[in-house]
Structures are given as structure tokens and as C-alpha cells.
Amino acid sequence: MTQQTLSVVGAVLDSLTWTRVVGYGFLLLVASFIFDTASQPRYPKEIPWMGDGGRGLLAKVRNSISYFTLHRTWIQEGYYKYGKQDVAFVNPASISRPDDVVLPRSQIAWMMDQPDAVLSADHAHSHILHSPYNFLGHDLNREAFASRAMHKYLARHLSGLIPGVEDEVNAAVDDVMGTDTENWTKLNLWEMWLAIVPRVTNRLLVGEPICREELFLKSMVKFVDDVIRNSFLLTMFPFVLHPIVGRLLAISNWLHWRAASRFVLPVIKQRMHDMEQKELGNPEYKDWTPPEDFITWDIRLARLERNSFELNPAVISKRILPIEFAAIHTTTLTGQSLMLDLLTTRPEDGVLDALRDEINAHKPAAGHWTKIGLTSLLRVDSSIRESQRLSNFASTLVERQVIAREGLHNPTLSWTLPYGAFVTVNLEGTHHDDELYPGGQAYDPFRYSRVREAWELKSEDERQKNPEDGTKARGLGMVTTSDRHLAFGHGRHACPGRFFVAHELKLIMAAILTKYDIKMIDQRPQPQWFGATIIPPLDACVEIRRKPGTA
Ligand code: HEM
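Analysis parameters
- Residues numbered from 1 in each chain as written.
- Predicted model: local features only at pLDDT ≥ 70, side-chain atom pairs only at ≥ 80, totals over all residues.
- Heavy atoms only, no water.
- UniProt positions renumbered as here; feature names shortened; annotations may be inferred.
- Pairing = 2+ DSSP bridges.
- Helix = DSSP H or I, 4+ residues; strand = E, 2+ residues; numbered from the N terminus.
- Contact = heavy atoms within 4.5 Å.
- Axes fitted to C-alpha atoms, helices over the stretch in contact; angles between N-to-C directions.
- Donors = N, O, S within 2.8 Å, 3.2 Å for Na, K, Ca; no water.
- Near = heavy atom within 4 Å.
- Polar contact = N/O pair within 3.5 Å; in protein donor to acceptor, adjacent residues only side chain to side chain.
- Nonpolar A, V, L, I, M, F, W, Y, C, P; charged D, E, K, R; others polar.
- Domains from an automatic or database assignment.
- Buried area = accessible area lost by both parts, 1.4 Å probe.
- Salt bridge = Lys/Arg side-chain N within 4 Å of Asp/Glu carboxyl O.
- Patch = residues over 30% accessible without salt bridge, like charges linked within 9 Å, V, L, I, M, F, W, Y side chains within 5 Å.
- Areas by Shrake-Rupley, 256 points an atom, 1.4 Å probe, with all protein chains shown as cover.
- Buried < 20%, exposed > 50% of the residue type's maximum accessible area, 1.4 Å probe, protein only.
- Lys, Arg positive; Asp, Glu negative; His and termini not counted.
- Core = buried A, V, L, I, M, F, W, Y, C linked by side-chain atoms within 4.5 Å.

- Per an unreviewed UniProt entry, the recorded name for the protein chain is Cytochrome P450, and the organism is Cylindrodendrum hubeiense.
- According to UniProt, the comment filed for the protein chain under the heading Cofactor (unreviewed entry) is "heme".

Set out below in C-alpha cells:
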């Protein structure tokens, strides 16, 4: 460095005071937000706007702040003001993310028909979850490989997985809820579900014995917590600062992955070796078949596609992470809400006993539950679907982003959305619409099973006369998505885990209801809404006592 440069640097440093540093930092932040807002997609003027009607910088700032408290209100009001008139509207998002275009229900089929190269689920998920940081690498973010593996293999292997999942459910329920048949025990519902779900989910993802390793499970739950925290914090920072802030925030994600990978990496390496030997025809592997879990499916898909990047053990161990994220809190929220909805039904309606009767009637006399047995639990199925309808944990949930450079034209509504626009559905409004769901503000656990049971009771003659009743009844199972039931999304990116969740929740509820007496609750503790999602009532408790003879 020359003498002259040194003296300039010295002069700059001398002039720096804390006030100036803070001032320059603030100016940088403001400039970055202005840059962010200016580079966000501009929506056609004919699409109406919720929130502070204006579209300028100040409106954006005001809306971004109101977003945290008013998002759900805007979505509800927009549903009746625009959605029900078949008009789309813009719902403001938080500051560093483009606003959402919320489609009317009549346009959901059109939305789902759009090719991935035009309207992308992966890009929307990556943007909202800040995937390159949260899921540990831009290279992994090139495609949602783990989702593809789940779509391809989960449903077809599910029947064979039921016995293992049932064993895991029973062991987890015993461990978490206890075996005391004398005394009532108070249990925190959120903690209870959070102690059961990760273990059962990981029976499917990584198999035993890792699914029972405390440290592994803790790392995965903390990892998911970090993704949620980071995604929330990053929306408050301008996009241009994400490469710095995102990397700093994700340090803890890396640490949790490292702790978990000590358990899964040896298993992944061994599985790759075994699968290779089997394929090479090694006679020692004649009778060996790989366990059907996520690890096998991920390796199998990578081998099938000769994808050397995906066949790196470290990459495979990171591919588990987005699935843990997709599975753990979603199922825990659903389980907690389900129990709160069930336990606040009127005791005189005898809902819990009706569920117990159904479970006992279909329970296998010996051995494990089967797919057919679980599918016959129409009332349990209905009580879950109804809870997902009423007690939704997010107000939109299904997000897509326009990635066609020329934008996306809607011929019915006659507008074109620009590249980068976000498109979503009105889950909140649809699920609570009295015209679609009479008495839609109340929990009616057997809303769907009444229709399905009535169909099952019909004679062959009656069925042939009214085949449309059969189509309607078949569309009311908890895994069936539609433009009026969006809890698992809809279309080709609808949740591939829902087939597993249906079995998992039924097995958990069967274990809880048949083994425990549970005290009803007078009033349902309500969640708090924060932006587009809820904060569940984390302190809600129940009192339970083990039934004699079930320990
Ligand atoms: C009650 C629990 C669950 C709920 C409510 C839920 C809900 C959802 C929703 C709303 C989507 C977005 C769908 C869309 O954009 O159309 C989704 C995607 C996904 N879910 Fe689930 N999910 C649950 C459990 C699970 C489980 C247990 C797994 C895996 C074992 C899983 C794996 C996935 C994957 C991989 C995707 C991405 C699919 C894609 O982009 O193609 N989910 N889920």
C-alpha cells in the first residue's frame, strides 16, 4: 500500500464514529429495501389489492408491517369481496418477498394445469424457505430431488411399512404417555405430539434403530425449528443482504446436520455398498433386500438416473433434511389440533366412544393393522380431515412462482402475471365457506363419514341408480385433495407424505383412544395468527390415565 492510500484509509477511519457507523448501516438497509421493492414483479393494475391499497414504496412498507397481524383478515375479506365473485386479488406479503396473487377457486384447476417450467412449486418453496441457506447449499437447490424420490416410491411401498410403523407408534405412545393405570397424569399436548411424531416419521425415513436415537431426533427437531426461525428472520432483511445474513443464520443448521449425520452417514454408506453388491449379483446378497425407507429410495432414484452428484453420501444425508422439515411440524400441528377439536366436542355426543367403537370393530384380532383395516376407519379418517379443514395452520399454504420469462397469461381473467410473481389459493376462505361446508365454523367430526357410511350401506341396485353419490363419497377420504380441500395442497405437487400421514395418525389415535381415558376440555385453546401461519397453543394440556389391562 502506498503512503497516500494509507493516509486516505487513516483519515476515513479517524472520521468514523459509532453514530456514523449506525447511520451508514441504516442508509444501506433503506437503500437495500428500496432496491428490493423496485426489483419485485409489478402486477397488472386490474387485479385489486388488499391491505393499504397503494402500490408505492410507502404502501409496501406499511403493508409489510401490517402483514404480521392482518394477513389472515385480508385473506378472509378478500375471499368474500373478490374470490366469491371469481376475481383474483393481491394479498401483501412480508417485506422482502413478492406479494401473493390469490386466485378464486374457479381458477385452481387452471393453476394446477400449468407446467412446472411456467409456474413452479420448487421455486416458490425455495424462495419462501430460503433453501440454499437453510438446506445447506446452492448446489442442492438445483432440484427438489428428495421430493421426487418421495413422489416416486412412498405410496407404492406403504402397505409393507405398516407393521414397523405400528410397532414404533405403540412403543412411542407407551414411552411418552406412560403406563400408570392408577393416577391421572397431566400432559402437554404439543410436547406429547412432538415426542411421538419425529420418532415415527423417522422410522419411515431412516429406519431403526436411528429413529429412536435421542440425539438424532433432537438434532432434526432443532434443525426444523431453525428453518422456521431463519425463514421468518430472512423475510425481514432485504434480499441483497441474504447471502451474508442467510449464511450466518444457517450456521446452527449445519451444526444440527453434523450431529445427525454421525448417525445416518454410516448407514447410508453401508446401504450404498449393499445395493451395489446386490446389483452386481454377489451371491452373498441373494436373499438380501434393502429396507424400504427414504435412504433406499433416494439411492435407488440416483442410481436409476446415474446421477453421480446425488450418489454422494453427504448429499444423501442432506436430502433427508427437507423431508424432515415437510413432515415433523406439519404432522405435530395436525395431531395437536385434532386432539383439541375432539376433546372439546360435547361429551353427550359421545364422539370419543364412537371412534373407539369403530377402532375396536376393525382392529385385527391378532397381528398388525393392515392397509385395508386402516382404510376402513371412516370415522377416524373423517375426524382428521374435518380438523384439517376447520383448524388450518396456514391461510394459503399452496404457493407457486411464475418462472416463464414471458410471464403467465390467464385467458379467463384476462391478465398476464410477470416473471417472479407469486400465485396462491385461498385455503382459509374456502375451508370456512358455509356454502361449501354447511355449519362450516364448527367442528363436525363425522361430516364426511356420514356420506361415506351411507354409500357403503346402499344396495347394489341403489348404487347403480346413483353412481354420482359413489364418486362424491370416494372424494371425501382424508388423502383426497380438491379445490375445496387444500390441507395437503392440490395437483401434482400435492403432499406425497399424506398417504403415510393418514396411516400414521390413525395408528396413533387408535393407540391413544384404546389405551387411555382422556378428560374432555371445556374450551378449545385458540392459536395465535402470525402472518400466514399460526403459533399453536403451546401450553395446552390434557389429563390422561391408562386403561387397566392395556399396559
Ligand atoms: C399432516 C401433515 C402434513 C401436511 C398438512 C402436509 C402438507 C403439505 C402441503 C400443503 C404441501 C404443499 C403442496 C402443494 O404445494 O400443492 C406439502 C408438500 C410436501 N410434503 Fe407434506 N404435509 C404433511 C406431512 C408430510 C410428511 C409426513 C411428508 C414426508 C414423509 C411430507 C412430504 C412432503 C413433500 C416432499 C412435499 C413437497 C412436494 C412437492 O413439492 O412436489 N409431508 N405438504
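### Some thoughts on the sheet that holds strand β3 (residues 119-120)
So, step 1. If you walk across this open sheet you meet the 5 strands as β1-β2-β8-β5-β3, and the pairing is mixed. With one partner strand each, in any of the chains shown, β1 (89-91) and β3 form the two edges of the open sheet.
So, step 2. Here 3 bridges tie β1 to strand β2 (residues 100-103), and the two strands are oriented antiparallel to one another. In the sheet register, V90 faces β2, and the bridge partner there is V101.
So, step 3. Against the sheet, helix α3 (residues 57-81) makes contact with β1 and β2, and its axis sits at roughly 170 degrees relative to β1, the strand it touches most.
So, step 4. Its contacts with the sheet put helix α5 (residues 121-129) on β3, β5 (399-402) and β8 (422-425), and the angle it makes with β5 is roughly 105 degrees.

### Observations concerning the coordination of the iron atom of the ligand
So, step 1. If you check the protein contacts of the iron atom of the ligand, you find one donor only, C495 (SG), at 2.3 Å.
So, step 2. Of note, C495 is situated in the loop between α20 (467-474) and α21 (498-515).

### Looking at the site of the ligand
So, step 1. Around the ligand, the structure places 26 residues, and the nearest of them are H151, T334, R400, H493 and C495.
So, step 2. H151 has a polar side-chain atom sitting 2.7 Å from an oxygen atom of the ligand.
So, step 3. Here an oxygen atom of the ligand sits 2.7 Å away from a polar atom, N or O, in the side chain of H493.
So, step 4. At the level of elements, α7 (145-177) and α13 (313-343) are the ones that each hand at least two residues to the shell around the ligand.
So, step 5. Ranked by residue count, the leading element in the shell around the ligand is α13, at 6 residues.
So, step 6. Considered class by class, the residues forming the shell around the ligand number 14 nonpolar, 11 polar and 1 charged.

### Some points on the domain arrangement of the protein chain
So, step 1. We note that the domain assignment places domain 1 (3-134) and domain 2 (139-392 + 434-483 + 487-546) within the protein chain.
So, step 2. Each of domain 1 and domain 2 has a C-alpha centre, and these two points are 32 Å apart.
So, step 3. Domain 1 puts 31 residues into the contact, and the matching count from domain 2 is 34 residues.
So, step 4. Across the domain 1 to domain 2 interface the summed buried area is about 2,900 Å²; carbon plus sulfur atoms make up 59%.
So, step 5. In this structure, the connection of domain 1 to domain 2 is made through 3 salt bridges.
So, step 6. Among the ionic pairs, E435 bridges to K84, the shortest N-O distance being 2.8 Å.
So, step 7. Counting across the domain 1 and domain 2 interface gives 14 residue pairs in polar contact (both at pLDDT 80 or more).

### Section: a nonpolar patch on the surface
So, step 1. A contiguous nonpolar patch, built from V8, V9, V12, L13, L16, W18, V21, Y24 and L27 and spanning about 920 Å² of accessible area, is present on the exposed surface.
So, step 2. If you list the elements that add at least two residues to the nonpolar patch, you get α1 (3-15) and α2 (18-39).
So, step 3. Taking relative accessible area as the criterion, L16 reaches 36% and is therefore assigned partly exposed.

### Looking at the side chain of K318
So, step 1. Along the chain, K318 falls in helix α13.
So, step 2. Buried charged residue K318 carries no salt bridge. Nearest counter-charge: D139, at 6.3 Å.
So, step 3. Apart from the residues lying within four places of it in its own chain, the contact partners of K318 are L136, L140, W254 and W257.

### Quick look at the side chain of T37
So, step 1. Tracing the backbone through its elements, the reader meets T37 in helix α2.
So, step 2. T37 sits in the buried class, given a relative accessible area of 15%.
So, step 3. Beyond its immediate sequence surroundings of up to four residues, T37 is in contact with L57 and K60.

### A look at the nonpolar core
So, step 1. Residues M192, W193, F294, M339 and I518 are the most contacted members of the largest nonpolar core, which totals 89 residues.
So, step 2. Looking at which element gives the most residues to this core, the answer is α7, with 14 residues.
So, step 3. Every residue in contact with I518, bar those within four places of it in the chain, is listed here: W184, M339, L343, R356, I512, L513, V542, E543 and I544.

### Some thoughts on the sheet that holds strand β12 (residues 541-546)
So, step 1. Pairing is antiparallel across the open sheet formed by 3 strands, whose spatial order is β4-β12-β9. The two strands at the open ends of the sheet, each matched to only one other strand, are β4 (185-188) and β9 (516-518). Strand-to-strand, the axes of this sheet are offset by a mean angle of 40 degrees, without reference to chain direction.
So, step 2. Sheet topology note: the β9/β12 ladder contains 3 bridges and is antiparallel. In the strand pairing of β12, Y516 is matched with R546.
So, step 3. Against the sheet, α7 contacts β4, β9 and β12, and its axis sits at roughly 55 degrees relative to β9.
So, step 4. Of the strands in this sheet, β4 and β12 are in contact with helix α8 (residues 189-205), which crosses β4 at around 75 degrees.

### Some points on the pattern of salt bridges
Two side chains bearing opposite charge may form a pair once their charged atoms approach each other closely.
So, step 1. If you walk through the whole model with that rule in mind, you get 38 salt bridges.
So, step 2. The salt bridge involving R356 is made with D353; its shortest N-O contact spans 3.2 Å. Here the residue R356 and the residue D353 both occupy positions in helix α14 (residues 351-362), the gap between them amounting to 3 residues, near one helical turn.
So, step 3. Note on R356: relative accessible area 11%, which makes it buried.
So, step 4. One salt-bridge network, held together by shared partners, links E168, D175, R199, R203, E208 and R212.

### What to know about unusual backbone geometry
So, step 1. Cis geometry marks the peptide bond from E208 to P209; its omega dihedral reads 5 degrees.
So, step 2. Position of P209 among the secondary structure elements: in the loop between α8 and α9 (214-235).
So, step 3. Unusually for a residue other than glycine, L397 sits at a positive phi of about 75 degrees.
So, step 4. Mapping L397 onto the fold places it in the loop between α16 (378-390) and β5.
So, step 5. The backbone of S414 sits at a positive phi, close to 60 degrees, despite the residue not being glycine.
So, step 6. Mapped onto the fold, S414 is located in the loop between β6 (408-410) and β7 (415-417).

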